[in-house]
Amino acid sequence: MNNAADAAPAGSQASGSIRSLDELPGPKGLPLLGNALELEPKQLHRLIGGWADQFGPMFVFRVATKKILTIADAEVIQQVLRERPERFRRWSKIEELGAEIGADGVFVAEGEKWRRQRKAVMYALNASHVRAFIPRMEEVVGRLRRRWWRSALSGAPVDVLHDLMRLTVDVTSGLAFGRDINTLEERAEPIQKHLDKLLPAVARRQTALLPYWRFLPVPVEREVAVAVKEIGKFIDGLVAEARVRLEAEPERRAHPQNLLEALIVAHDADPDSTDDREIPGNVTTLLLAGEDTTANTLTYMIHYLKERPDVQTAVQSEVDRVFGMEEQQWQDPNVSDRLHYIEAFANETMRCKPVGGLLFMEPNEDVQIRGVFVPRGTPVLVLNGHVGSQEGNFADAKAFRPERWLHAAAHPGELHNTKAFMPFGAGPRFCPGRQLAMLQIKMVIAMLCRDFEVAHPTDAAPLEDAYGFTVGPTNVAAVLRPRRSLRFGVDLDLRVGDRRADRLPISFADRRVADRRGAQAA
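Residues numbered from 1 in each chain as written. Predicted model: local features only at pLDDT ≥ 70, side-chain atom pairs only at ≥ 80, totals over all residues. Heavy atoms only, no water.

K.L.:
Tell me about the overall build of the chain, residues and numbers included.
P.N.:
Scanning the chain from terminus to terminus reveals 17 helices and 16 strands. Per-residue burial over the chain gives 54% buried out of 522 residues. Residue pairs in contact within the chain that sit at least 24 positions apart in sequence constitute 72% of those at least 6 positions apart. Within the structure as shown, the chain displays about 22500 Å² of accessible surface, and the carbon and sulfur contribution to it stands at 52%. (Helix = DSSP H or I, 4+ residues; strand = E, 2+ residues; numbered from the N terminus. Buried < 20%, exposed > 50% of the residue type's maximum accessible area, 1.4 Å probe, protein only. Contact = heavy atoms within 4.5 Å. Areas by Shrake-Rupley, 256 points an atom, 1.4 Å probe, with all protein chains shown as cover.)

Written as structure tokens, this is what we have:
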């Protein structure tokens, strides 16, 4: 650290005495082990959130002799995130672990490598590309709709997270890679089952005392190794297909149609400055990011629909008002903007159930954070999700109230600190997939609440949260009951097991979307 003034921006407070990490509060650990034995990976978010409530906005815990500074103050977190990538970076161990699972893409990249990859990702996920993909997204949501109608007819509960992970993988692969893998309608799910192994592996490994998986191939780690290999084969196929398209249509090199094509074009233009792992690394990164975060948030929203009939009624009223009985016209860019309550509902869900609420960082140089000297390379864990549940940031913070997002401007006296709401991060590394995620959320919730009432199954297990690098729900099953007969649409041959059920008219935004194999008369 050159001088205190130079290191002060992260949280300011440059004047006065400077404290060391050892002077901060924190949970008492064991000699040599520190708090390592307390860090149950699946409950890491609850444990550290509880420590934040106990020890305050800045505290330290230890894994062996490694000190981990933890920040639960919205202002300081915002400052740290704004000072990336120059002063702060993602924890170097995350970059290492990402490479081990083949996800060494833009999420873990730093410096010039990050800037180069970020440009391609931003291009592929910009507003014009997302808008152009809306008809294909409607097709994928239509598949989910048919799947849920079959469940509604049979009375079988829906495995919500399972179905939504399929949906998000299909959407991501279509937009980012130009491949319709259609996991929603395929009985086999090899990619899905392999993807599910990767992020939990990172969650286990990031706080492990030793890299046991490198020399002790326990069964769960052998499964991870198999998953990495199989996903690699799948991605090699995607890259080969994209190269065939670029060869057949050379004009696509000037105007790539998706992220994969943009990455290949950039690599081929300057192969000496790019790593061969960047292309598959970013494909894996986008598959994981699209699957986990959006699917988990949607699943939490459906949980709240079951728990809160008033919220479900409010969403149904808005959908009926905006769409009526007409076919949904998502191509109209203003439709999404008219779903104010659904957006408020999504925001409140992400505030109360943050799926990406723990970010591991480290400073690139010696810095001072709120009067605390932090040496270069010190792990810094920011609780960007936990701050949203603090009473000092939101009025009645523990209550689930979507209306707070609609009435905040009309009630300036009510505490509503939007700087403590960071579901997509903040600063230069703000999540580039925000528009895609919000559009998926609105399309799925609008479809669900237009067609169905959502209820708890009999003897449903209580909701539980589990940390697997992101936080996700378990035990979310739902019973869907048709709200009414639809007047428009095409007849689909909906099957319940091996017997044919009654044919129902089900509307789709584009009649071409209808599965012609299922739409044929029996």
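Still more to cover.
K.L.:
Can you explain the environment of glutamine 440? Please cite residues and give values.
P.N.:
Mapped onto the fold, glutamine 440 is located in helix H16 (residues 434–451). Among the residues examined, glutamine 440 registers a relative accessible area of 3% and is labelled buried. Residues glutamine 440 and alanine 295, spaced 145 residues apart in sequence, show a C-alpha to C-alpha distance of 9.4 Å. Leaving out residues up to four positions away in the same chain, glutamine 440 has contacts with Met137, Leu167, Thr168, Val171 and Thr294.

K.L.:
Any chance you could break down the pairing of strand S2 (residues 66–71) for me, citing the residues and the numbers?
P.N.:
Of the strand pairs in this sheet, strand S1 (residues 58–63) and S2 are connected by six bridges, and their pairing is antiparallel. Across the sheet, the residue bridging to valine 63 is lysine 66, located in S2. Two successive antiparallel strands, S1 and S2, enclose a turn made up of two residues, where alanine 64 displays a positive phi of approximately 60°. Where S2 lies against strand S8 (residues 380–382), three bridges are found, and the strand directions are parallel. Its bridge partner being in S8, leucine 69 is matched across the sheet by valine 380. (Pairing = 2+ DSSP bridges.)

K.L.:
Explain the sheet that holds strand S4 (residues 158–159) residue by residue, including any values.
P.N.:
With respect to topology, three strands assemble into an open sheet ordered S4-S12-S9, the strand pairing being antiparallel. Here the strands that pair on one side only, and so sit at the sheet edges, are S4 and strand S9 (452–455). One ladder, built from two bridges, connects S4 with strand S12 (residues 477–482); its direction is antiparallel. Bridge pairing in S12 places aspartate 159 opposite alanine 477.

K.L.:
Explain unusual backbone geometry to me, and be specific about the residues and the numbers.
P.N.:
The peptide bond linking arginine 84 to proline 85 adopts the cis configuration, its omega dihedral lying at 0°. By the element assignment, proline 85 lies in the loop between helix H3 (74–82) and strand S3 (88–90). With a phi close to 70°, leucine 32 is a non-glycine residue in the positive phi region. With respect to the helices, strands and loops of the structure, leucine 32 is situated in the loop between helix H1 (4–7) and helix H2 (44–55). Under the relative-accessibility criterion, leucine 32 is labelled exposed at 74%. In this structure, asparagine 475 is a non-glycine residue whose phi angle is positive, near 60°. Structurally, asparagine 475 can be placed in the loop between strand S11 (470–474) and S12.

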